[in-house]
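Here are the chains, one letter per residue:
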Amino acid sequence: MRLSKMKLFAVVILATALATTAFAEEVQDMGKQPWTVDIEEITIENEDFQIARWTGSSMQMTLMSIPPGGEIGLEMHGDIDQFIRIEQGKAQVVMGEKEDALTFDKKVEDDWAIFIPAGYWHNVINIGEEPLKVYSIYAPPEHPFGTRFETYEEAEEAHDH
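Scoring rules and cut-offs
- In this convention, every chain numbers its residues from 1, walking through the sequence in written order.
- For a predicted model such as this one, the threshold for reporting local features is a pLDDT of at least 70, and the threshold for listing and counting side-chain atom pairs is 80 or more; totals across whole chains, interfaces and linings nevertheless cover every residue.
- Side-chain measures were taken over the full set of non-hydrogen atoms in the model, leaving aside hydrogen atoms and water.
- Elements are defined by DSSP. Helices are runs of H or I of four residues or more, strands are runs of E of two residues or more, and each kind is numbered from the N terminus.
- Relative accessibility under 20% of the residue-type maximum defines a buried residue, over 50% an exposed one, and the middle range a partly exposed one, all with a 1.4 Å probe and only protein chains included.
- Every residue pair with non-hydrogen atoms within 4.5 Å of one another is taken to be in contact.
- Should DSSP find at least two bridges between two strands, the strands are regarded as paired.
- For this analysis, a salt bridge means a side-chain nitrogen from Lys or Arg found within 4 Å of a carboxyl oxygen belonging to Asp or Glu.
- Site definitions follow a grid-based scheme: protein atoms alone, a 1 Å grid, a 1.4 Å probe that fits but cannot get out for cavities, and for pockets an open set with protein on both sides within 12 Å along at least five of seven lines, plus lining residues having an atom within 4 Å of a point.
- Grid points are joined across faces, edges and corners, and a volume is the space filled by probe spheres set on the points.

(A) The arrangement of the environment of Ile-66 in detail. For Ile-66, the position within the fold is in strand β2 (residues 60–66). Relative accessible area serves as the criterion here: at 0%, Ile-66 is assigned to the buried category. Separated by 59 residues in the primary sequence, Ile-66 and Ile-125 place their C-alpha atoms 8.3 Å from one another. Sequence-distant contacts of Ile-66, that is, excluding residues within four places in its chain, are made with Phe-49, Glu-71, Ile-72, Asn-126, Glu-130, Pro-131 and Leu-132.

(B) Up close: the pairing of strand β7 (residues 113–116). A one-sided burial pattern is seen for β7, the buried positions being Ile-114 and Ile-116 and the unburied ones Ala-113 and Phe-115. Note: strand β4 (residues 81–88) against β7, 4 bridges, orientation antiparallel. Paired with Ile-84 across the strands is Ile-114, a residue of β7.

(C) Up close: the pattern of salt bridges. Applying the stated criterion across every chain, the model contains 4 salt bridges. Here Arg-85 and Asp-111 are joined by a salt bridge, their closest N and O atoms 2.9 Å apart. Of this pair, Arg-85 sits in strand β4 while Asp-111 sits in the loop between β6 (104–109) and β7; the two residues are 26 residues apart in sequence, bridging distant segments of the chain. Given the relative accessible area of 51%, Asp-111 is considered exposed.

(D) Structural view of the sheet that holds strand β1 (residues 50–55). Pairing is antiparallel across the open sheet formed by 6 strands, whose spatial order is β7-β4-β9-β2-β1-β10. In this open sheet, the two edge strands, each paired with only one partner strand, are β7 and β10 (148–149). Where β4 lies against strand β9 (residues 132–139), 7 bridges are found, and the strand directions are antiparallel. Bridged to Asp-81 within β9 is Ala-139.

(E) Spotlight on the sheet that holds strand β3 (residues 75–76). Strand order in the open sheet made by the 4 strands is β3-β8-β5-β6, with antiparallel pairing throughout. The sheet is open, and its two edges are formed by β3 and β6, each paired on a single side.

(F) Region of interest: empty space enclosed by the protein. Throughout the structure, instances matching the rule amount to 1 cavity of 30 Å³ or more. Considered as a void within the structure, the largest cavity measures approximately 100 Å³ in volume. What lines the largest cavity is a set of 13 residues, among which Phe-49, Gln-50, Ile-72, Glu-75 and His-159 lie closest to the centre. No other element matches the 3 residues that helix α3 (residues 152–159) contributes to the lining of the largest cavity.

(G) A look at the pairing of β2. Where burial is concerned, most of β2 is hidden: 7 out of the 7 residues are buried. The alternating pattern of β2 places Gln-60, Thr-62, Met-64 and Ile-66 on one face and Met-61, Leu-63 and Ser-65 on the opposite face, and all of these are buried. Examined bridge by bridge, β1 and β2 share 5 bridges and lie antiparallel to one another. Paired with Thr-55 across the strands is Gln-60, a residue of β2. Here β1 folds back onto β2, and the loop between the two strands holds 4 residues.

Shape is all these values report; function is a separate question.
Given below as structure tokens:
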């Protein structure tokens, strides 16, 4: 009987190690190498507030999961154009050339794309009942290779907003 318990324990440890290894490989930044991916699947499965999944020398793709009532946070990228696609959820998008004059105000949902020109202040606010799942492409890259923030607060602290 004792040998059976030891075998079971070994199987559990091995399965845990394999699952952990598979998860670690799954969420690494795949940048600077060729990569294909089901972007809808990885975007919807993402649980991190923000994670860089591909960072190259001229472009970057990140995933975000924003809780109901949460937001990306008002920001402006001076020399970076940004594309955001909503895979799941509903959002309010605000933009403007000045921080205190956000004259662009639209509601968007699943399958909508948001194009943000360099130099525009912008925010995306989750106005739905479920997590807002988006992917974002920055050109050139905005975040260091491998960036990962589990929460909005971590992202804000790192950006000193």
